[in-house]
Amino acid sequence: MATKRYLFLKSFRNLYSVSCVFFTLISAGGVFGIELSDLHGEWKHREKPVWIKIVSDNDSGSGIIIKNEDDSSSVGKFLFIELSSEIDYFSGQIYVPQLGRFHPMKAEVANAGEIKVLVKVGFIRKTVFFDKTTI
């Protein structure tokens, strides 16, 4: 009887140890997940001659147009505002010229040199890509 109880306690301790390690790794994933600094730098719109620079301070980031070959008057204006890091993506607002206002968006770093931005306006979805670059 004592042997069965000892084996039960030993397997319980092993299960407890494995559970502690598992939950520690899961919670560390949130801490070491994506950060706004992953977006820092200069990015070019894949389909248009527009370059932006993404910066952040504290818990919020923004993307400022630094070059636009089609409309030089847009240089210095915000394309992204209120960027924040979520669990596995970035959220914020993007300026939609057709609407003349900022609209909610989600973004993710698809690989080291690409940002994928998803914007939904009603039933319409639009995905735009930005590639990491230096001017």
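Keep in mind that what you see is a predicted model, and the values were worked out from it rather than measured. (Residues numbered from 1 in each chain as written. Predicted model: local features only at pLDDT ≥ 70, side-chain atom pairs only at ≥ 80, totals over all residues. Heavy atoms only, no water.)

*Asks:* What am I meant to see in the overall build of the chain here?
*Replies:* Within the chain, the secondary structure is distributed over one helix and eight strands. Out of the 135 residues belonging to the chain, those deemed buried represent 25%. Sequence separation of at least 24 residues holds for 31% of the intrachain contacts in the chain that already meet a minimum separation of 6. Just so you have it, the chain exposes about 9,500 Å², and 60% of that area is on carbon and sulfur atoms. (Helix = DSSP H or I, 4+ residues; strand = E, 2+ residues; numbered from the N terminus. Buried < 20%, exposed > 50% of the residue type's maximum accessible area, 1.4 Å probe, protein only. Contact = heavy atoms within 4.5 Å. Areas by Shrake-Rupley, 256 points an atom, 1.4 Å probe, with all protein chains shown as cover.)

*Asks:* In this structure, what is going on with the sheet that holds strand S7 (residues 114-121)? I would like to understand it.
*Replies:* Note on sheets: strands pair through backbone hydrogen bonds, and any given pair is parallel or antiparallel. Pairing is antiparallel around the closed barrel formed by eight strands, whose spatial order is S1-S2-S3-S4-S5-S6-S7-S8. The mean angle between the axes of side-by-side strands here comes to 30°, regardless of whether they run parallel or antiparallel. By the bridge criterion, eight bridges tie S7 to strand S8 (residues 124-133) in an arrangement that is antiparallel. Residue pairing for S8: Val-119 is matched across the bridge by Lys-126. (Pairing = 2+ DSSP bridges. Axes fitted to C-alpha atoms, helices over the stretch in contact; angles between N-to-C directions.)

*Asks:* Which parts of the structure should I look at to understand the side chain of Asn-68?
*Replies:* Along the chain, the position of Asn-68 falls in strand S3 (residues 60-68). Here Asn-68 falls in the buried class, since its relative accessible area comes to 14%. From its side chain, Asn-68 meets the backbone nitrogen of Asp-70 in a polar contact 2.9 Å long. From its side chain, Asn-68 meets the backbone nitrogen of Asp-71 in a polar contact 3.1 Å long. Those residues in contact with Asn-68, other than ones at most four positions away along the chain, are Pro-49, Val-50, Ser-74 and Val-75. (Polar contact = N/O pair within 3.5 Å; in protein donor to acceptor, adjacent residues only side chain to side chain.)

*Asks:* Would you take a moment to explain the nonpolar core for this structure?
*Replies:* Looking at soluble globular proteins, one finds that nonpolar side chains tend to be buried together. Grouped together as the largest cluster of nonpolar side chains are 20 residues, with contacts concentrated most on Ile-52, Phe-80, Val-117 and Phe-130. Contributing elements (two or more residues each) for this core: strand S2 (50-57), strand S4 (78-85), strand S5 (90-96), strand S6 (101-111), S7 and S8. Among all residues touching Val-117, those that are not within four sequence positions of it are Phe-80, Ile-94, Met-105, Lys-106, Ala-107, Lys-126, Thr-127, Val-128 and Phe-130. (Core = buried A, V, L, I, M, F, W, Y, C linked by side-chain atoms within 4.5 Å.)

*Asks:* What exactly am I supposed to notice about the environment of Asp-70 here?
*Replies:* Checked against the element boundaries, Asp-70 lands in the loop between S3 and S4. The spatial distance from the C-alpha of Asp-70 to the C-alpha of Pro-49 is 6.9 Å, given a sequence separation of 21 residues.

*Asks:* In this structure, what is going on with the confidence of the model for the chain? I would like to understand it.
*Replies:* Predicted coordinates in regions of low pLDDT should not be interpreted in detail. Model confidence for the chain is summarised by a mean pLDDT of 80, while 75% of its residues fall at 70 or above. S3 holds the highest mean pLDDT among the elements of the chain, 95, whereas helix H1 (residues 2-31) holds the lowest, 46. (pLDDT = per-residue confidence, 0-100.)

*Asks:* It is not clear to me how the environment of Val-117 should be interpreted in this structure. Could you clarify?
*Replies:* Within the secondary structure, Val-117 is located in strand S7. Note: C-alpha distance between Val-117 and Tyr-89 (28 residues apart in sequence) is 9.9 Å.

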